[in-house]
Amino acid sequence: MTHRDPLSWIEDELEQLDDRGLRRQLAERGGPQAARIVLDGRPLINFGSNDYLGLASDKRVCRAAANVWQQGHGGSGASPLVTGRSELHARLEQRLAEFERTEAALLFPTGFAANLGTVAALVGRGDVVFSDERNHASIIDGCRLSRAVVVVYPHRDASGLRQLLEQARGYRRRLIVTDSLFSMDGDLAPLAELAELAERHAAMLMVDEAHATGVLGAHGRGVAELLGAEHGVHVRVGTLSKALGTAGGFVAGRRTLIQWLLNRARGYVFSTAAPAALAAATLASLNVVRDEPQRRATLLARAAELRERLRAQAWDLRDSQSQIIPVIVGGADRVMVLARRLQQSGLLVPGIRPPTVPPNHALLRISLCWTHADEMVASLLDQLASLRAADE
Ligand SMILES: *Cc1c(COP(=O)(O)O)cnc(C)c1O
C-alpha cells in the first residue's frame, strides 16, 4: 500500500490555476505605500493602492502613531470586552460617530471583520438578506455565515430589487446590503432608491462605504452624503485602511445597534483590538479629512478628467464615476499581458481577474490618488494609448 501525501492535491490545484492564468504571486514592496514604490526591486508609479488621499505615508499620521508606541502602548492584548478598549479607541469611536453624525460607532480590527460580523449579527435563520451581485467578498461571506436566505439582486438594479422584495414574504427580518462605491467598477449604488425601498418594505439598509469614506460627499462621509440618502441608511460601514491610510473597520449607527454588535458580532467579540497607536493615527487622518477638503476635490476633478481622456482613447470604463477607474479588458490572460507591459514601462496597474470579477470581465484597475503628479497620469495615458494602438 502506498502512502499518498495528503497535501499533494494542492500542487495539482495550483497547476490548474497556472494553466488558467489565475495563479497569483506575492511581491515584496520596499518603502512606504506612496505614489512611487519599489516592488521586487523595480521602481514603479503606483496606480494600485487605495491610499486615495495620500495619508498612508503622511508625516502627521505616522508621527501620531509613533508617539503612542513610544509611550509603551503596544498590542492590545485581549478582546475589548475583556480588558477594555484604550482611551484612544474610545475617543476615535466618539469622533467617528460625530463624523458620521450618528449616535455611536464601533471599531473592528478590519473592514472585512466589520462586514462579516455585522451581517451575521443582523440576520439569521428565518430572515432574508438582499445583496448586490457585485458586493465585496466580506459581505458575501457575512451573508453565507448568517444562515439567512440570501437573495442576490442584479448590480445596482433598484427595480429588480423591488420585485424581489415584493416576492419575499413571511420572513422575520429583512436586510438590504450594498457597497456604496463598488471596489472594482468604481460605480455607485443608487442609495436614494434603496433607502426608499427599505422604508417601504420595513427592511434594514446596510451600506459599506469602504472606498468612499474620506473621498466622496462634501464632508467626505461617502456616497450616502453625496446622494443625500444618509437618513435612510441604518447601518454604515467604513474602513480606516483605504482613504484614511491606517487600518481597521468601523460601523456607525444608533446606540442600540452598536450595543447589539458589541454583544453579537463575532469578529468583534472574539478578536483582539487593534493597537492604540492605530487609533491615534486615524484621529490624525480624520483631522486631515476635515481640514483639507481640497484633497478630495482635486482628486475627484482629476479622476473625471482621466476618465474622459481614457474614453477618448476608446477604452470601456463601464459606469465608473469615481477615483476607481476600471479599464475593461475581458479575458484573464489578456489583462495579465497588458498589466505586464505597463509594468515594463514602470507603471503598476493591477490586472483584476476572476474570482474577484465575473468571468470575461477581467480589468485593469486604475486607482487614482491625490499624490499622483500630473506627469504620472500623463505617462499612464501615453502607455495606454500605445497599448490601444497595438491592439488595432
Ligand atoms: C477593502 C474592502 C473591505 C475590507 O476592508 P479592510 O479594512 O481592508 O479589511 C470591505 N468592503 C469593501 C467594499 C472593500 O473594498
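Note that the coordinates shown come from a computational prediction; the quantities given were computed from them, not determined experimentally.

Conventions adopted
Residues numbered from 1 in each chain as written. Predicted model: local features only at pLDDT ≥ 70, side-chain atom pairs only at ≥ 80, totals over all residues. Heavy atoms only, no water. Helix = DSSP H or I, 4+ residues; strand = E, 2+ residues; numbered from the N terminus. Rg over C-alpha atoms; globule rule 2.2 N^0.38 Å. Buried < 20%, exposed > 50% of the residue type's maximum accessible area, 1.4 Å probe, protein only. Contact = heavy atoms within 4.5 Å. Areas by Shrake-Rupley, 256 points an atom, 1.4 Å probe, with all protein chains shown as cover. Near = heavy atom within 4 Å. Polar contact = N/O pair within 3.5 Å; in protein donor to acceptor, adjacent residues only side chain to side chain. Phe/Tyr/Trp six-rings, centres within 6.5 Å; stacked < 30°, edge-to-face > 60°. Lys NZ or Arg CZ within 6 Å of the ring centre and 35° of its normal. Pairing = 2+ DSSP bridges. Axes fitted to C-alpha atoms, helices over the stretch in contact; angles between N-to-C directions. Patch = residues over 30% accessible without salt bridge, like charges linked within 9 Å, V, L, I, M, F, W, Y side chains within 5 Å. Salt bridge = Lys/Arg side-chain N within 4 Å of Asp/Glu carboxyl O. Expected span 1.5 Å × (residues − 1). Arc of directions from axis to C-beta.

Visitor: Help me understand the overall build of the chain, please; the structure alone is not making it clear to me.
Guide: Looking only at helices and strands, the chain features 15 helices and 14 strands. Its C-alpha atoms give the chain a radius of gyration of 22 Å, near enough to 21 Å, the size a compact globule of 392 residues would have. The buried share of the chain, reckoned over its 392 residues, is 53%. Counted over contacts in the chain with a minimum sequence separation of 6, partners at least 24 positions apart contribute 70%. Of the roughly 18,400 Å² of accessible surface on the chain, 50% is carried by carbon and sulfur atoms.

Visitor: Help me out: how do you make sense of the site of the ligand in this one?
Guide: The local shell around the ligand holds 15 residues, among which G111, D208, H211, S241 and K242 are the closest. Between the ligand and G111 there is a distance of 2.8 Å, counted from an oxygen atom to a backbone nitrogen or oxygen. Between the ligand and F112 there is a distance of 2.9 Å, counted from an oxygen atom to a backbone nitrogen or oxygen. In isolation the ligand exposes 380 Å². Once the protein is present, 85% of that is buried. With three residues, helix 5 (residues 111-122) is the largest single contributor of residues to the shell around the ligand.

Visitor: Could you clarify how one ought to interpret the packing of aromatic side chains in this entry?
Guide: Throughout the structure, instances matching the rule amount to one aromatic pair. When the ring centre of W370 is taken as reference, the NZ or CZ atom of R295 above it lies at 3.9 Å. Seen from the ring of W315, R388 lies directly overhead, with NZ or CZ sitting 4.6 Å from the centre.

Visitor: Just to check I follow, could you spell out the sheet that holds strand 6 (residues 149-153) for this structure?
Guide: Strand pairs in the sheet, formed through backbone hydrogen bonds, run parallel or antiparallel to each other. One open sheet accounts for seven strands, arranged 4-10-9-8-7-5-6; its pairing is mixed. Strands with a single pairing partner mark the edges of an open sheet, and in this sheet they are strand 4 (104-108) and strand 6. Ignoring strand direction, the axes of neighbouring strands in this sheet form an average angle of 20 degrees. Strands strand 4, strand 9 (235-239) and strand 10 (249-253) of the sheet are contacted by helix 4 (residues 87-100), whose axis makes an angle of about 125 degrees with strand 4.

Visitor: Explain a nonpolar patch on the surface here, please?
Guide: On the surface, a cluster of nonpolar side chains totalling about 360 Å² of accessible area is made up of L7, W9, I10 and L14. Counting through the fold element by element, I10 comes out in helix 1 (residues 8-19). Overall, the relative accessible area of 32% leaves I10 in the partly exposed class.

Visitor: Please explain helix 2 (residues 59-70) as it appears in this structure.
Guide: An α-helix turns once per 3.6 residues; consequently, residues spaced three or four apart project the same way. Look at helix 2: 16 Å from first C-alpha to last across 12 residues, which is about the 16 Å you get at 1.5 Å a residue. Along helix 2, the residues classified as buried are V61, A64, A65 and V68. The arc that holds the buried residues of helix 2, viewed along the axis, is 90 degrees, so those residues lie on one side. Summarising the geometry of helix 2, the exposed residues directed more than 90 degrees from the buried face are K59 and Q70.

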